[in-house]
Amino acid sequence: MIRLQGKGVSGGVAAGPLYFYRRGNGEIERREVADTAAELARFEEARKTAMEQLGALYEKALAEVGEESAQLFESHQLMLDDLDYVESVQGMVEGGLNAEAAVADTAEIFAEMFANMDDAYMQARAADVRDISGRVVGILTGAVAGGIDSDVPVVLASDDLAPSETVQLDKSKILGFVTRGGSGNSHTAILARTMGIPAICSVGDALEDGFEGREVIIDGQTGEIVFDADAAARDRLLKKQAKERALKELLEKLKGQPNVTIDGRSVMVYCNIGSPEDVDAVLQNDGGGIGLFRSEFLYLQNNDYPTEEQQFQAYKTVAERMGGKRVIIRTLDIGADKQADYFQLDHEENPAMGLRAIRICLTRPEVFRTQLRALYRASAYGKIAIMFPMITSVWEVQEIKRICANVREELMREGVPMADYVELGIMIETPASVMLSDRLAKEVDFFSVGTNDLTQYTLAVDRQGQSLDRFFDAHHPAVLRMLKMAADNAHAAGIWIGICGELGADVSLTETFLAIGIDELSVSPSSVLPLRSTVRSIDSSARRDEILAELAR
Ligand code: PEP
Ligand code: MG
């Protein structure tokens, strides 16, 4: 038996074989081949596998996000079948080049050709040809699309996973995550919590490649990892798993019950999601609405900007499935750890303070307008609200509102149906937005506090920093005082305030949040019922004055 220790970042016990995420290393080997017929056959076999994968992705996208998005995979199949493309690869292989290098060279020739065309649509196809070629190269080199090639569900191990990799994983294959690096506030950990999958990060080099395939049990709460557990350890951990399941069943009884304290105070308990698929978990856990739809994950799943129609379908699906409950969609928050190559953002020394989130939208209005058009169009199908991330100044909000009004007018002229009123809110996640919350509150319909970034910027501690855990203290009085200040200013202006950062699910602070006057808590779907249970056990008036006095002290 081998025991390792990491940092538990998403609770739950999982048991199964360990499997390392398969990622191509980006380097393509070049070599001369003598048996060109065999190499041509290798290429043909890989092309066939890629075609099958694209067919499966088409079916998956069709079921999950609709025809418009699914068509992308159909067009990729056509590209992979294009005679000029295939003949180019074949010609190079017949000349003695290995298949992966021939595919990569052909991709560059075609991408260059597309990029030099006058038509913007054709220029954008450069990314597609690189994408399909990357898939074929991945198959030829043994790297796996989606990172997992296993018939049975696994505990997925990796150095670290980028958010764009995590969103593309086949969730039905994953029992848990263990990573050598990473932090509890990274978006990968947040995604694991959204999916309700146990996860452990910061295990370090003790997580050896040689553990591949061995039976492992992980405890995502304590960070314990046990390989080839002896009877006692197995028994202890599996008992804990059974207990967790029993508790879950107990919490089931709270479905349909209100989130009301003993003294009758109501709080809205909403959910954070990253994709339309997550609505299943919201409905299963009886979420009262969606307090944060991280729309950037739609961008991270794609190899090119999602079109207005693709986005419209995704937002409409979520709005319709939530059946009139509030759905707060945050405009794209790309940048920092959430990178999509096609945005071609310049390298930055401090990306968390760089061109990210609303700054990208205000710098690239065409990207912003496409998303806003999709959002306003989808507003006809449910109760959509729009939220803007990383606000620091009043002028940003005024400019955003002008752009929104403009987009609305444009759609109105086109006769497109829309909701009569769409609430606009902002994230309070920079110290500047807290300090200006009195003025900002007069501009919008609601505030939602992003405690992940607010903690990072207030305490000047990188939320991704692995060895900074001790300093990343979301309970810090500076953070809690900021919450109070923003809440007071929100209420003075007659608007509501919520928390959508990870702190919202921290039940050790629920009583404090109620004392501060927080109106809404948006948490991962699996945290809804535990939070409801806590809310219902609190008498919010009992210690209110004491808590506020302690904060002010
Ligand atoms: C936050 O910063 O708290 C937040 C909710 O947004 P994200 O984690 O996506 O940055
Ligand atoms: Mg944030």
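Conventions and cut-offs
- Residues numbered from 1 in each chain as written.
- Chains lettered and ligands numbered in written order.
- Predicted model: local features only at pLDDT ≥ 70, side-chain atom pairs only at ≥ 80, totals over all residues.
- Heavy atoms only, no water.
- Near = heavy atom within 4 Å.
- Polar contact = N/O pair within 3.5 Å; in protein donor to acceptor, adjacent residues only side chain to side chain.
- Areas by Shrake-Rupley, 256 points an atom, 1.4 Å probe, with all protein chains shown as cover.
- Helix = DSSP H or I, 4+ residues; strand = E, 2+ residues; numbered from the N terminus.
- Nonpolar A, V, L, I, M, F, W, Y, C, P; charged D, E, K, R; others polar.
- Buried < 20%, exposed > 50% of the residue type's maximum accessible area, 1.4 Å probe, protein only.
- Pairing = 2+ DSSP bridges.
- Axes fitted to C-alpha atoms, helices over the stretch in contact; angles between N-to-C directions.
- Contact = heavy atoms within 4.5 Å.
- Core = buried A, V, L, I, M, F, W, Y, C linked by side-chain atoms within 4.5 Å.
- Donors = N, O, S within 2.8 Å, 3.2 Å for Na, K, Ca; no water.
- Domains from an automatic or database assignment.
- Buried area = accessible area lost by both parts, 1.4 Å probe.
- Salt bridge = Lys/Arg side-chain N within 4 Å of Asp/Glu carboxyl O.
- Right-handed = clockwise from strand over helix to strand, strands pointing away.

1. Here we look at the site of ligand 1
Then, number 1: Ligand 1 sits among 16 residues. The nearest are R294, R330, G450, N452 and R463.
Then, number 2: A distance of 3.0 Å separates an oxygen atom of ligand 1 from a polar side-chain atom of D453.
Then, number 3: A distance of 2.8 Å separates an oxygen atom of ligand 1 from a polar atom in the side chain of R463.
Then, number 4: Here ligand 1, which alone exposes 290 Å², has 100% of that area covered by the protein.
Then, number 5: Every element with two or more residues in the shell around ligand 1 is listed here: helix 7 (187–195), strand 10 (290–294) and helix 17 (451–459).
Then, number 6: Counting residues per element, the shell around ligand 1 draws most heavily on helix 17, at 3 residues.
Then, number 7: Across the shell around ligand 1, the residue classes break down as 4 nonpolar, 5 polar and 7 charged.

2. Some thoughts on unusual backbone geometry
Then, number 1: With phi around 45 degrees, Q344 is a residue other than glycine that occupies positive phi space.
Then, number 2: Mapped onto the fold, Q344 is located in the loop between strand 11 (326–330) and helix 12 (358–363).
Then, number 3: Positioned with a positive phi, A357 is a non-glycine residue whose angle comes to about 55 degrees.
Then, number 4: Among the secondary structure elements, A357 is positioned in the loop between strand 11 and helix 12.
Then, number 5: Overall, the relative accessible area of 0% leaves A357 in the buried class.

3. Topic: the sheet that holds strand 6 (residues 199–201)
Then, number 1: Sheet architecture is open: 8 strands sit in the order 1-8-7-3-4-5-6-2, paired in mixed fashion. Looking at the sheet topology across the chains shown, the edges are occupied by strand 1 (2–5) and strand 2 (7–10). Strand-to-strand twist across the sheet, computed as the mean angle between neighbouring axes with direction ignored, equals 30 degrees.
Then, number 2: With 3 bridges joining them, strand 3 (residues 13–20) and strand 4 (residues 154–158) adopt parallel strand pairing. Residue pairing in the sheet places Y19 in a bridge with L156 of strand 4.
Then, number 3: Seen against the sheet, helix 7 touches strand 2, strand 5 (174–179) and strand 6 and runs at an angle of roughly 55 degrees to strand 2.
Then, number 4: On top of the sheet, helix 8 (residues 231–252) reaches strand 1, strand 3, strand 7 (215–219) and strand 8 (224–227); it is set at about 115 degrees to strand 3, its chief contact.

4. Examining the nonpolar core
Then, number 1: With 109 residues, the main nonpolar core has L156, F388 and F447 as its most contacted residues.
Then, number 2: For L156, the residues in contact, after removing those within four places along its chain, are Y19, F20, Y21, I148, L161, L169, I174, G176, F177 and V178.
Then, number 3: Membership of the second largest hydrophobic core comes to 29 residues, among which are A46, A99, V137 and L140.

5. So, the coordination of the magnesium ion (ligand 2)
Then, number 1: Every protein donor of the magnesium ion (ligand 2) is accounted for by E429 (OE) and D453 (OD), and the metal-donor separations fall at 2.1 Å. Here the residue E429 occupies a position in the loop between strand 13 (424–428) and helix 15 (431–435), and D453 occupies one in helix 17, the gap between them amounting to 24 residues. For the pair E429 and D453, one class covers both residues: buried.

6. Digging into the domain arrangement of the protein
Then, number 1: Considered domain by domain, the protein is made up of domain 1 (2–22 + 147–250), domain 2 (36–143) and domain 3 (255–552).
Then, number 2: Interface area, domain 1 with domain 3, both sides summed: about 1800 Å², of which 51% is carbon and sulfur.
Then, number 3: In terms of surface lost to domain 3, no three residues of domain 1 exceed N185, H187 and T194, which account for 34% of the buried area on that side.
Then, number 4: E502 is the salt-bridge partner of R193, the closest N and O atoms lying 2.6 Å from each other.
Then, number 5: Remark: the boundary between domain 1 and domain 3 carries 4 residue pairs in polar contact (both at pLDDT 80 or more).
Then, number 6: At the level of elements, helix 6 (163–167) and helix 7 are the ones that each hand at least two residues to the side of domain 1 that touches domain 3.

7. With respect to the pairing of strand 5
Then, number 1: By the criterion of burial, strand 5 is predominantly enclosed, with 5 of the 6 residues buried.
Then, number 2: Alignment of strand 4 against strand 5, held across 5 bridges, turns out to be parallel. By the bridge assignment, A157 is partnered in strand 5 with V178.
Then, number 3: Handedness of the crossover joining strand 5 and strand 6 through helix 7 is recorded here as right-handed.

8. Considerations on the pattern of salt bridges
Then, number 1: Counted under the stated rule, the structure contains 46 salt bridges.
Then, number 2: Residues R125 and D128 are paired through a salt bridge, measuring 2.5 Å at the closest nitrogen-oxygen approach. Of this pair, R125 and D128 are both found in helix 5 (residues 120–141), 3 residues apart, which corresponds to roughly one turn of the helix. For the pair R125 and D128, one class covers both residues: buried.
Then, number 3: Of the charged contacts in the structure, one is a salt bridge between R356 and D333, with a shortest N-O distance of 3.1 Å. Taken together, the residues R356 in the loop between strand 11 and helix 12 and D333 in the loop between strand 11 and helix 12 connect sequence positions 23 residues apart. Each member of the pair R356 and D333 is classed as buried.
Then, number 4: Sharing partners across several salt bridges, the network here consists of E296, R330, D333, K338, R356, D453 and R463.

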